[in-house]
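So you can see what is in the structure, the chains are spelled out below.
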Amino acid sequence: MEQIRDYLEAQERLLHLSNLSNKQSLFNFSGANAILREFQNNLSAVHDPKARILTALYIPTFILAFCGNLLTIYVILKHRELRKVKNVFLVNLAFADIAVTIVCMPPQVGMTLYRLWIYGEWLCKLSAYLQGVSVTASVFTLSVMSIDRFLAAKQPRHIRRLTTWRSAAKTLVVIWGLPCIFIGPVLYVRTVKSVELPMVTAKFCVEDWAEPSHRVIYVIFLLIVTYALPSVAVGCSYLMIGHYVISADKRQTNPTWKNISRRVVRMLVVLVMAFIICWLPYNINSLTVDIVQNNLGLQILPFTLWLGHTHSAADPIIYYSLHKNLRFYMRDTLTSGCRNSCEKKNNSNNCTPVPLR
């Protein structure tokens, strides 16, 4: 949106009109080439402090999100002790984070450094679509994991019949199928708009809605269905889990189960809070910009989007910090890789294994 705003400013300076396409013959006036050259030079934002800050923020975010989630998937799939039905949802969450990392972050950095869209029509559609699908699949996964923990606490006998590989596969189909439907309109409205100028062809990846109000309605719908309702479901699940754990403390029943449950619930609560903290500012700011069109919202929109993308990097840190078994195997994988690399390089003479704690 900021790119289009800059273009419109140049357009207004050129013609003092609102429709450039119908008045291209008016380019032949003194000073037009200078204005167009200035506009062309401003397309590159390499020397813009804001662009530099965003790029510096995205580089470690991309590396941590990609490597951390890839390590999570590798460790769970490799070790039999972790190949359990309940960890399928962790793999699914990590896969969704990798999708956001690969599809969404590089184009965003490219748009930060060069203001026009140069990545083609399909990537214009897929980058926004896959981001929406992946983020929605993430929140649905967190919702399913929360409800699963509630059922495990309230009705452990019934949850044994539900936590099977077949039921997990069906749940994953729903988790990904619903977002594909809900975000489907994005594939239709996202398009590349081209404007021919004497010195440059300006291309923008935009959402071409028939009416601006349609976009506002759609954004509110997504905010309710993919954010508000799952948050309410997750919150209710954890409130009931907390009530059940407190009741179990008073009865002093099955202390081993309670310790395991608390660790799992603690990790899930942190995952949900991380999702809310990372994506809520972008959702609010994006909706505000659509309704109010204020300049401050446009200026901070790229930073709120980066904050949303950091959720993909935060998840593997949370796994490592709060999942005891996953942390053990992650450290074992990393230290084994370091030892093997050191042995190949120094023939095992100067290698000191890192102890696991």
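The following refers to the structure shown.

Here is what the cut-offs are and how they apply
- Residues numbered from 1 in each chain as written.
- Predicted model: local features only at pLDDT ≥ 70, side-chain atom pairs only at ≥ 80, totals over all residues.
- Heavy atoms only, no water.
- Helix = DSSP H or I, 4+ residues; strand = E, 2+ residues; numbered from the N terminus.
- Buried < 20%, exposed > 50% of the residue type's maximum accessible area, 1.4 Å probe, protein only.
- Contact = heavy atoms within 4.5 Å.
- Areas by Shrake-Rupley, 256 points an atom, 1.4 Å probe, with all protein chains shown as cover.
- 1 Å grid on protein atoms, 1.4 Å probe; cavity = no way out; pocket = protein on both sides within 12 Å on 5 of 7 lines; lining within 4 Å.
- Points joined across faces, edges and corners; volume = space filled by probe spheres on them.
- Nonpolar A, V, L, I, M, F, W, Y, C, P; charged D, E, K, R; others polar.
- Disulfide = S-S within 2.5 Å.
- Phe/Tyr/Trp six-rings, centres within 6.5 Å; stacked < 30°, edge-to-face > 60°.
- Axes fitted to C-alpha atoms, helices over the stretch in contact; angles between N-to-C directions.
- Parallel < 35°, antiparallel > 145°, perpendicular 65-115°, else oblique.
- Left-handed = near helix turned anticlockwise from the far one by under 90°.
- Salt bridge = Lys/Arg side-chain N within 4 Å of Asp/Glu carboxyl O.

1. Some points on the overall build of the protein chain
At step 1: A tally of regular secondary structure across the protein chain gives 12 helices and 2 strands.
At step 2: Of the regular secondary structure in the protein chain, the N- to C-terminal order runs α-α-α-α-α-α-α-α-β-β-α-α-α-α.
At step 3: Split into buried and exposed, the 357 residues of the protein chain put 45% on the buried side.
At step 4: When contacts within the protein chain are restricted to residue pairs at least 6 apart in sequence, those whose partners lie at least 24 apart make up 75%.
At step 5: When the accessible surface of the protein chain is summed, it comes to about 19500 Å², and 63% of that surface belongs to carbon and sulfur atoms.

2. Some details on empty space enclosed by the protein
At step 1: For the structure shown, the criterion picks out 1 cavity of 30 Å³ or more.
At step 2: The computed volume of the largest cavity comes to approximately 60 Å³.
At step 3: Around the largest cavity sit Val139, Leu142, Ser143, Pro230, Ser231, Val234, Val272, Phe275 and Ile276, which together line it.
At step 4: Listing elements by their share of the lining of the largest cavity, those giving two or more residues are α5 (120-154), α9 (212-251) and α10 (255-292).
At step 5: Tallied by class, the residues present in the lining of the largest cavity amount to 7 nonpolar, 2 polar and no charged.

3. Structural notes on the state of the cysteines
At step 1: Throughout the structure, instances matching the rule amount to 1 disulfide.
At step 2: Disulfide partner of Cys124: Cys205, at an S-S distance of 1.9 Å. Taking the sign of the torsion about the S-S bond as the criterion, the disulfide between Cys124 and Cys205, at about 85°, is right-handed. Of this pair, Cys124 sits in helix α5 while Cys205 sits in strand β2 (residues 201-207); the two residues are 81 residues apart in sequence, bridging distant segments of the chain. An identical accessibility class is assigned to Cys124 and Cys205; each is buried.

4. Quick look at the packing of aromatic side chains
Ring pairs (aromatic) are described by centroid distance and by the angle formed between their planes.
At step 1: Taken as a whole and assessed by the stated rule, the structure comprises 7 aromatic pairs.
At step 2: Where Phe62 meets Phe66, the ring centres are 6.2 Å apart and the plane angle is 0°; that geometry is what we call stacked. Taken together, the residues span about one helical turn, with Phe62 and Phe66 both in helix α3 (residues 49-78) at a distance of 4 residues.
At step 3: Of the residues examined, Phe62 reaches a relative accessible area of 29% and is grouped as partly exposed.
At step 4: What makes Phe66 partly exposed here is its relative accessible area of 29%.
At step 5: Between Trp209 and Tyr218, the aromatic rings sit 5.5 Å apart at their centres with planes inclined by 45°, giving tilted as the arrangement.

5. Points about the packing of α3 against helix α4 (residues 85-113)
At step 1: Running from N to C, α3 and α4 point in directions that differ by 155°, and their axes come no closer than 9 Å. Comparing their axes, α4 and α3 come out roughly antiparallel. The hand of the α3/α4 crossing is left-handed.
At step 2: Among the residues forming the contact of α3 with α4, the class breakdown is 19 nonpolar, 8 polar and 1 charged.

6. Here's the deal with the pattern of salt bridges
At step 1: Scanning the model with the defined rule gives 3 salt bridges in all.
At step 2: Where Lys193 meets Asp208, a salt bridge forms, and the shortest distance between an N and an O atom there is 3.2 Å. A residue pair is termed long-range when its members are at least 10 positions apart, and Lys193 in strand β1 (residues 190-196) and Asp208 in the loop between β2 and α9 qualify at 15 residues.
At step 3: Residue class for Lys193 comes out partly exposed when judged on its relative accessible area of 38%.
At step 4: With a shortest N-O distance of 2.3 Å, Glu207 and Arg215 are connected by a salt bridge.
At step 5: Judged by its relative accessible area of 27%, Glu207 falls in the partly exposed class.
At step 6: On the basis of relative accessible area, Arg215 is assigned to the buried category, the value being 18%.

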